[in-house]
Amino acid sequence: MLIDSHCHFCFPDLQADAAGVLERMHAAGVERALNISTSTTDLVPVVEFAQAHEGIYATVGIHPDNEEASEPDVATLVRHARADKVVGIGETGLDYYRLREPLDWQRDRFRTHIRAARESGKPLIIHTRSSAEDTLRIMREERAQDVGGVMHCFTETADVARAAIDLGFLISFSGIITFKSASDLRAVAAQLPDNAILVETDSPFLAPVPHRGKSNEPAWVAHVATLLAQLRGQSVDHIHKITGDNFLRLFNILN
Ligand SMILES: [Zn+2]
Ligand SMILES: [Zn+2]
């Protein structure tokens, strides 16, 4: 089953044509998608969008790049995570690329999200950029391995991927693997075990080749799956099956 493990239906580009986006997604054979929350503002709409649409699930969390006026605590995140169709906590993590130190607030927020995931028993969606070492360190210190999760939009090395897999995390590949410059990442994607990989769009960002530069949407996760099949010498159907099975298993979705 082809599933987009990470997209943002409630960002303006997708929200403006939600019916069309869903129609094109289903026409492309993408049966399910995970709608990711990123801020105190989109947290409730993201969950409501999932509740209103079959095959769409939601997460609750505050993105590491968002400087918020108020910071949700563990109890607040856990309460939101109890809503119907919420399957994970995030996206959370660290991003040292866009923002500069002092980033104690970002690390504190990440710890809060891991604690909320452990308390709610729901896996984490982790964003890491220019911060892999600290991300893995905090994951270990906070025992993220108790719930597992996804390293989303993965762009790190094979060593980082293996360290995350050892903690019970899956590695999710986005349209970045179709970009000309991403040969190192393609080599990582070619070597990971079948039971460790997912595919995602991170739409509306990161449209894959041949749509690069446009506003991305869940339908185009099919391009990511097709390229993964080529890299790994496997059939496209096989990639759909393993990435779909991995998603349903991780998020404890039974049918
Ligand atoms: Zn992200
Ligand atoms: Zn995202």
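Check the entry above for the structure.
**Q** In this structure, what is going on with the packing of helix α6 (residues 132-141) against helix α7 (residues 158-166)? I would like to understand it.
**A** Geometry of a packed helix pair, given as the angle between the helix axes and the separation of the axes. Here α6 crosses α7 at 10°, and the two axes come no closer than 11 Å. In terms of orientation, α6 and α7 fall into the roughly parallel class. Within the contact between the two elements, α6 uses Ala132, Leu136 and Arg140 and α7 uses Val160, Ala163 and Ala164. Along the lines of polarity and charge, the residues of the contact of α6 with α7 split into five nonpolar, no polar and one charged.

**Q** Which parts of the structure should I look at to understand the sheet that holds strand β6 (residues 149-151)?
**A** Strands pair in a sheet through their backbones, by hydrogen bonds, and they do so in one of two ways: parallel or antiparallel. Overall, parallel pairing links the eight strands, which are arranged β1-β2-β3-β4-β5-β6-β7-β8 in an open sheet. Each having just a single partner strand, β1 (2-7) and β8 (197-199) make up the two edges of the open sheet. The average undirected angle you get between the axes of adjacent strands in this sheet is 30°. The pairing of strand β2 (residues 30-35) with strand β3 (residues 56-60) spans three bridges and is classified as parallel. Bridge pairing in β3 links Asn35 to Ala58. In the packing of α7 onto the sheet, the strands contacted are β6 and β7 (169-173), and the crossing angle to β7 comes to about 140°.

Rules used in this analysis
Residues numbered from 1 in each chain as written. Chains lettered and ligands numbered in written order. Predicted model: local features only at pLDDT ≥ 70, side-chain atom pairs only at ≥ 80, totals over all residues. Heavy atoms only, no water. Axes fitted to C-alpha atoms, helices over the stretch in contact; angles between N-to-C directions. Helix = DSSP H or I, 4+ residues; strand = E, 2+ residues; numbered from the N terminus. Parallel < 35°, antiparallel > 145°, perpendicular 65-115°, else oblique. Contact = heavy atoms within 4.5 Å. Nonpolar A, V, L, I, M, F, W, Y, C, P; charged D, E, K, R; others polar. Pairing = 2+ DSSP bridges.

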